[in-house]
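A structural walkthrough
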Amino acid sequence: MKYNHIKLLTLFLLTGIFSIQRALAVSFDLVTPQNKVSIVYDKDECKLDSIIANLLAGDIKRVSGYQPVVYTDISKAKGNVIIIGSIGSKLIGSLGNKPLIANLKGKWECYSYKTLTNPFKNIKQALVIAGSDFRGTAYGVFEISSRIGVTPWYWWADAHPEQ
């Protein structure tokens, strides 16, 4: 596997929903020689969560060469993990992050990112992609794909991202 540009996948996340209230740069490594991210979603939620989790895994592979493992059981994940779900999911609710949920409650098609340190046993760092609803969750995931260099045009226009 090639690791020539893998470190470039460090995301700088901004808190807030579409409008930035305050900027907090937080490093979250997706793929490095030492750490490889995995993705978790709630299997009891909308089918769309499964689709977007697997699309994100494919997009990470497009830029890094590494295909993240996608889980539906948080206890199987370890290291750096991307947690995907709407604010109504049990998985997002289990994080106990009331401000994250409160900021999205009652909104349509909105999303928010939050990084958490040691949110569960065996999870060093988590990037939470929470949506106000199912579409909001999908929009948040697709924005991450865009930030790592994957355009939705790769499928329609054969526009492949650089590795």
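First, a word on what this report is: a plain description of the structure on this page. This is a predicted model, so every value here is computed, not measured.

Mapped onto the elements, S64 comes out in helix α1 (residues 47-64). Under the relative-accessibility criterion, S64 is labelled buried at 2%. Here I60 takes part through its backbone oxygen, which lies 2.8 Å from a polar atom of the side chain of S64. From its side chain, S64 meets the backbone nitrogen of Y66 in a polar contact 3.1 Å long.

Once that is clear, we can look at the packing of aromatic side chains. Inspection of the entire model under this criterion finds 1 aromatic pair. In this structure, K36 is placed above the aromatic ring of Y66, and the distance from its NZ or CZ to the ring centre is 5.9 Å.

What follows deals with the pattern of salt bridges. For the coordinates displayed, the defined rule picks out 3 salt bridges. As a salt-bridge pair, D59 and R62 come within 3.1 Å of each other at their nearest N and O atoms. Of this pair, D59 and R62 both sit in helix α1, 3 residues apart, which is roughly one turn of that helix. With a relative accessible area of 5%, D59 lands in the buried category. In this structure, E143 engages R147 in a salt bridge whose closest nitrogen and oxygen atoms are separated by 3.2 Å. Of the two residues, E143 and R147 are both situated in helix α4 (residues 134-147); the distance of 4 residues between them amounts to about one turn of the helix.

Its identity is not glycine, yet E109 carries a phi of approximately 50 degrees, on the positive side. Structurally, E109 can be placed in the loop between α3 (98-104) and β8 (111-117). For E109, a relative accessible area of 28% corresponds to the partly exposed category. Unlike most non-glycine residues, N122 shows phi in positive territory, near 75 degrees. By the secondary structure assignment, N122 is in the loop between β8 and β9 (123-131).

So, how was this worked out
- Residues numbered from 1 in each chain as written.
- Predicted model: local features only at pLDDT ≥ 70, side-chain atom pairs only at ≥ 80, totals over all residues.
- Heavy atoms only, no water.
- Helix = DSSP H or I, 4+ residues; strand = E, 2+ residues; numbered from the N terminus.
- Buried < 20%, exposed > 50% of the residue type's maximum accessible area, 1.4 Å probe, protein only.
- Polar contact = N/O pair within 3.5 Å; in protein donor to acceptor, adjacent residues only side chain to side chain.
- Phe/Tyr/Trp six-rings, centres within 6.5 Å; stacked < 30°, edge-to-face > 60°.
- Lys NZ or Arg CZ within 6 Å of the ring centre and 35° of its normal.
- Salt bridge = Lys/Arg side-chain N within 4 Å of Asp/Glu carboxyl O.

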